[in-house]
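Breakdown of the fold
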Amino acid sequence: MAGNPERRAALVDAGVEVLAREGARGLTFRAVDSAAGVPTGTASNYFTGRDDLLRQIDTRLHVRLAPDPEVFGRLMAQPRDRSLVAAFMHDLMARATRDRTGYLALLEMRLEATRRPELRSSFTTSVRGDLQEGLDFHRASGLPGGDETVVVLYLAMLGLLLEHLTLPAVLEGVLPGVSVPEGLIDHIVAAVVPERP
């Protein structure tokens, strides 16, 4: 396998673009080469196969969609209450909206994992690890609510992200006077996260 890390990163990012635009069926080495603007056959020098490319896309998406350390630091300076949880959820939505392509690729990975058991196993481990990290963070940070709060919040935000990034008109006006997605995030947090006594 070729060892140029910058070229590998560019190919993985091109894979993200292809996956988001064309779905898993369109994710070929030729399509990745074309999206990266490199000679045909380049991707095959960097990845052992599509599964290898998909695993590296998964790893890359964790980097692309991760919180900005500076923003995270500012948020962590706030009181540990419901408004901080809302701020974290607004930041999550902002990151997904800024890198819509990355988030759509993540959704495509979920769909592809339903069809391919070998990918399902590694992707399930990856996504479950993210959820566990959220549970651990919530506990360690002293945020209001317990594990059930985190799981329900996770599921609600996953649904909101899916609708907002794929079919945003579905949610427009569903709750009169509530903005999408900002107002819906506030409603979700208010419904799921308990107030501190």
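Before reading on, note that the structure itself is shown above.
Residues numbered from 1 in each chain as written. Predicted model: local features only at pLDDT ≥ 70, side-chain atom pairs only at ≥ 80, totals over all residues. Heavy atoms only, no water.

**A closer look at the packing of helix α8 (residues 147-166) against helix α9 (residues 182-192)**
At their nearest, the axes of α8 and α9 sit 10 Å apart, and the two run at 160 degrees to each other. With respect to α9, the axis of α8 lies roughly antiparallel. Considering only the axes of α8 and α9, their crossing is right-handed. Contact residues: T149, V152, L153, A156, M157 and L160 in α8; L184, I185, I188, V189 and V192 in α9. When grouped by side-chain class, the residues that make up the contact of α8 with α9 number ten nonpolar, one polar and no charged. (Axes fitted to C-alpha atoms, helices over the stretch in contact; angles between N-to-C directions. Helix = DSSP H or I, 4+ residues; strand = E, 2+ residues; numbered from the N terminus. Parallel < 35°, antiparallel > 145°, perpendicular 65-115°, else oblique. Left-handed = near helix turned anticlockwise from the far one by under 90°. Contact = heavy atoms within 4.5 Å. Nonpolar A, V, L, I, M, F, W, Y, C, P; charged D, E, K, R; others polar.)

**Overview of the packing of aromatic side chains**
Aromatic ring pairs are defined here through the distance separating the ring centres and the angle between the ring planes. Inspection of every chain in the model, using the stated rule, returns four aromatic pairs. Their ring planes at 40 degrees and their centres at 6.0 Å tell us that F72 and F88 sit as a pair that is tilted. Residue F72 is found in helix α4 (residues 69-76), and its partner F88 is found in helix α5 (residues 82-98); the two are separated by 16 residues along the sequence. Among the residues examined, F72 registers a relative accessible area of 31% and is labelled partly exposed. On the numbers, 5.5 Å between centres and 85 degrees between planes, the contact of F88 with F137 is edge-to-face. Taken together, the residues F88 in helix α5 and F137 in helix α7 (residues 117-141) connect sequence positions 49 residues apart. For F137, a relative accessible area of 27% puts it in the partly exposed group. One residue, R8, lies across the ring of F47, its end atom 5.7 Å from the ring centre. (Phe/Tyr/Trp six-rings, centres within 6.5 Å; stacked < 30°, edge-to-face > 60°. Buried < 20%, exposed > 50% of the residue type's maximum accessible area, 1.4 Å probe, protein only. Lys NZ or Arg CZ within 6 Å of the ring centre and 35° of its normal.)

**Examining the nonpolar core**
A general trend in soluble globular proteins is that nonpolar side chains are found buried together. Counting 55 residues, the largest nonpolar core has I57 and L153 as the members making the most contacts within it. If you list the elements that add at least two residues to this core, you get α1 (5-22), α2 (29-36), α3 (50-64), α5, α6 (100-115), α7, α8 and α9. At eight residues, the largest contribution of residues to this core is made by α5. Residues within four places of I57 in sequence aside, it is in contact with V12, G15, V16, L19, L27 and M109. (Core = buried A, V, L, I, M, F, W, Y, C linked by side-chain atoms within 4.5 Å.)

**Remarks on unusual backbone geometry**
Glycine aside, negative phi is the norm for most residues, and most peptide bonds take the trans geometry. The peptide bond linking V180 to P181 adopts the cis configuration, its omega dihedral lying at 0 degrees. Its location among the elements puts P181 in the loop between α8 and α9.

**Here we look at the environment of R115**
By secondary structure assignment, the location of R115 is in helix α6. The residues touching R115, leaving out its near neighbours within four places in the chain, are A24, R25 and R120.

**Regarding the pattern of salt bridges**
Taken as a whole, this structure holds 14 salt bridges when the rule is applied. Among the salt bridges present, the one from R74 reaches E70, with a minimum N-O distance of 3.4 Å. Taken as a pair, R74 and E70 lie in helix α4 at a separation of four residues, close to a single helical turn. E195 serves as the salt-bridge partner of R82, at 3.4 Å between the closest nitrogen and oxygen. Separated by 113 residues along the polypeptide, R82 in helix α5 and E195 in the segment after α9 bring together distant segments of the chain. In this structure R82 comes out as partly exposed when scored by relative accessible area, which is 21%. On the accessibility criterion, E195 (55% relative accessible area) is exposed. In this structure, a network of salt bridges that share partners links the residues D13, E17, R60, R64 and D99. (Salt bridge = Lys/Arg side-chain N within 4 Å of Asp/Glu carboxyl O.)

Just geometry here; none of it tells us what the structure is for.
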